[in-house]
Amino acid sequence: MRAKLFSKLSLTYLLLLIFLCLVAEGFAEHALQRAAADPASTDALISGLRLRFVLSAAAVIAIGAGVYVLFSLQCNRRIQRLTEFSTRLGVSESRPFSLDGPRDELSQLAEAMNASASRLDRTIRHLGSERDRSSAILRSMVEGVGVIDAQERLVFWNAAFSEILNIEGSAAEGRPVIEVIRNTKVLKLIRRALKGEDALQDDITTGIVQLRMFAVTAAPVRAMDAGQAVGAAPTPSGAVVVLHDVTELRRLERVRQDFVANVSHEFKTPLTAIQGFAETLLAGALEDDKNNRRFIEIIRDHATQLARVTNDLLKLARIEAGKLEVDLGPVSVSDLIEACAETTQLRAGRKGIEFEADIDSDLPPIRGDIRLLREVLQNLLDNAVQYTPSGGKVHVEAAVGSKDVTLSVVDTGIGIPLADQERIFERFYRVDAARSREEGGTGLGLSIARHIVETLGGKLSVDSEVGRGSRFSFSVPKSS
Ligand code: ADP
């Protein structure tokens, strides 16, 4: 580029020199003509000629210098503008730049810089939107995500992370994790990840009143160092910690374990009894006319209990799998109560309990499955009779609401402690397990009843007081 500028200046000088030669030639010619006409004035002519030549040369040099200065000034100004533009590029200025002046190497350089600037601008925008998107994803994640740098400072975390680990405000940014994270298990995992250990996992529990469990995963962030040997394991430049809420998962795991333990227990007791009495009979009691019949009756009772538990379990499994057959239709409330009243009357009478069904005959019909509703009501009535001592009372009542009818089974029995009232709807939960088993209970009746009522669009609840009695109520939508 400089060569071309120089050649332009040289051309200007050449033209000026030609001009000087032409002027000198003109002067010389004129002087020769005068000398030929007047030989005496030759000396004066030569010195005049020399003076003119010197003056002309001085004028040519002055013009040349002027042109050079002007040209240099313009050139310097354009180079300075280019320099300023490239400096602005460094601070992500991306406005297009136009360089005035002739179309030369400098204007080509300006065009090339403009093209680079717009490419740079596109790349920066792309990276910026990528970063915004990743950050929006991380921030909206339900999992807690935190990033720690090699100096153990917290550099990024999302809302879930700060909520789980109780990190206050943005003041935590850049602060050592030891000052902002109080959970020692998490701190240990961070340190191990920063040392380069992979696939680190642990469980933590947070909260005091309401416990929540989180699976913590920590992993090193590895960035390849420029000076690092090829093939060498990159040193961690930080660590990422992810906190995943596993409260519900762990609860379900516990429910499943409890369930397996409960089922085993429910089966074990009658099976042991059956096995024991069968062996006793075989060992000679079969010939013992006094006891053999009693032993066989015991075996039969335990087998019946086993069949009951098995049936209830199968029913529950069917309901929970959504395979309950439901035949919806209008059901008359008085028909429903009548269907259960006879059996209840019989059982209550045997136990010396007064039973009463206080039902209006003009109650609106409800929408449900008579077979399933009967199962629910019979279960509640059986429980009421079972947990009411003789001399007590059991009665059924119905209340009509705007959208549904609520049926209640009320007894004056032993009642249920407040702490157990919600748990009695869990599978196998009994307030007094021995008593329930003795009476042939499976601990599954209320669980099945609640599932059925909910499948039919209603609710089953209990209100009870120890020593005074219980009220089990379930609502069923009115038939439209
Ligand atoms: P079970 O076969 O043991 O009766 P349920 O699921 O029907 O099983 O009932 C669960 C537990 O709820 C019972 O073991 C009993 O402790 C309690 N319970 C149910 N109904 C009553 C009631 N009317 N009065 C007192 N306790 C009751």
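Residues numbered from 1 in each chain as written. Predicted model: local features only at pLDDT ≥ 70, side-chain atom pairs only at ≥ 80, totals over all residues. Heavy atoms only, no water.

Before going further, it helps to spend a moment on the overall build of the chain. Scanning the chain from N- to C-terminus turns up 12 helices and 12 strands. Against the 2.2 N^0.38 benchmark of 23 Å for 480 residues, the chain shows a C-alpha radius of gyration of 51 Å, more extended than a compact globule. Its C-alpha atoms put the chain at 180 × 60 × 40 Å along the principal axes. The 480 residues of the chain split such that 33% are buried. Summarising the internal contacts of the chain: among those between residues at least 6 apart in sequence, 61% fall at separations of at least 24. As displayed, the chain offers around 29,400 Å² of accessible surface, 57% of which is attributable to carbon and sulfur atoms. (Helix = DSSP H or I, 4+ residues; strand = E, 2+ residues; numbered from the N terminus. Rg over C-alpha atoms; globule rule 2.2 N^0.38 Å. Buried < 20%, exposed > 50% of the residue type's maximum accessible area, 1.4 Å probe, protein only. Contact = heavy atoms within 4.5 Å. Areas by Shrake-Rupley, 256 points an atom, 1.4 Å probe, with all protein chains shown as cover.)

Interhelical geometry of helix α10 (residues 370-386) versus helix α12 (residues 445-455) gives an angle of 145° and a closest axis separation of 9 Å. Where α10 crosses over α12, the two elements pack in a sense that is left-handed. Residues Leu 372, Glu 375, Val 376, Asn 379, Leu 380 and Asn 383 of α10 pack against Gly 445, Leu 446, Ile 448, Ala 449, Ile 452 and Val 453 of α12. Residue composition of the contact of α10 with α12, by class: 8 nonpolar, 3 polar and 1 charged. (Axes fitted to C-alpha atoms, helices over the stretch in contact; angles between N-to-C directions. Left-handed = near helix turned anticlockwise from the far one by under 90°. Nonpolar A, V, L, I, M, F, W, Y, C, P; charged D, E, K, R; others polar.)

What follows deals with the layout of surface pockets. Put simply, the second largest pocket is a space of about 460 Å³. Taken together, 16 residues form the lining of the second largest pocket, with Arg 251, Val 255, Arg 423, Glu 426 and Arg 427 sitting closest to its centre. Elements represented by at least two residues in the lining of the second largest pocket include exactly α7 (247-282) and α12. With 7 residues, α7 is the largest single contributor of residues to the lining of the second largest pocket. Class assignment for the residues of the lining of the second largest pocket results in 6 nonpolar, 3 polar and 7 charged. (1 Å grid on protein atoms, 1.4 Å probe; cavity = no way out; pocket = protein on both sides within 12 Å on 5 of 7 lines; lining within 4 Å. Points joined across faces, edges and corners; volume = space filled by probe spheres on them.)

Turning our eyes to something else, we now look at the sheet that holds strand β2 (residues 154-157). Spatially, the 5 strands line up as an open sheet ordered β2-β1-β5-β4-β3, and their pairing is antiparallel. In this open sheet, the two strands that pair with only one neighbour each are β2 and β3 (200-206). Across the sheet, the mean angle separating the axes of adjacent strands is 25° when strand polarity is ignored. As defined by bridge partners, strand β4 (residues 212-222) adjoins strand β5 (residues 236-245) across 9 bridges and the pair is classed as antiparallel. If you follow Phe 214 over to β5, its bridge partner there is Asp 245. (Pairing = 2+ DSSP bridges.)

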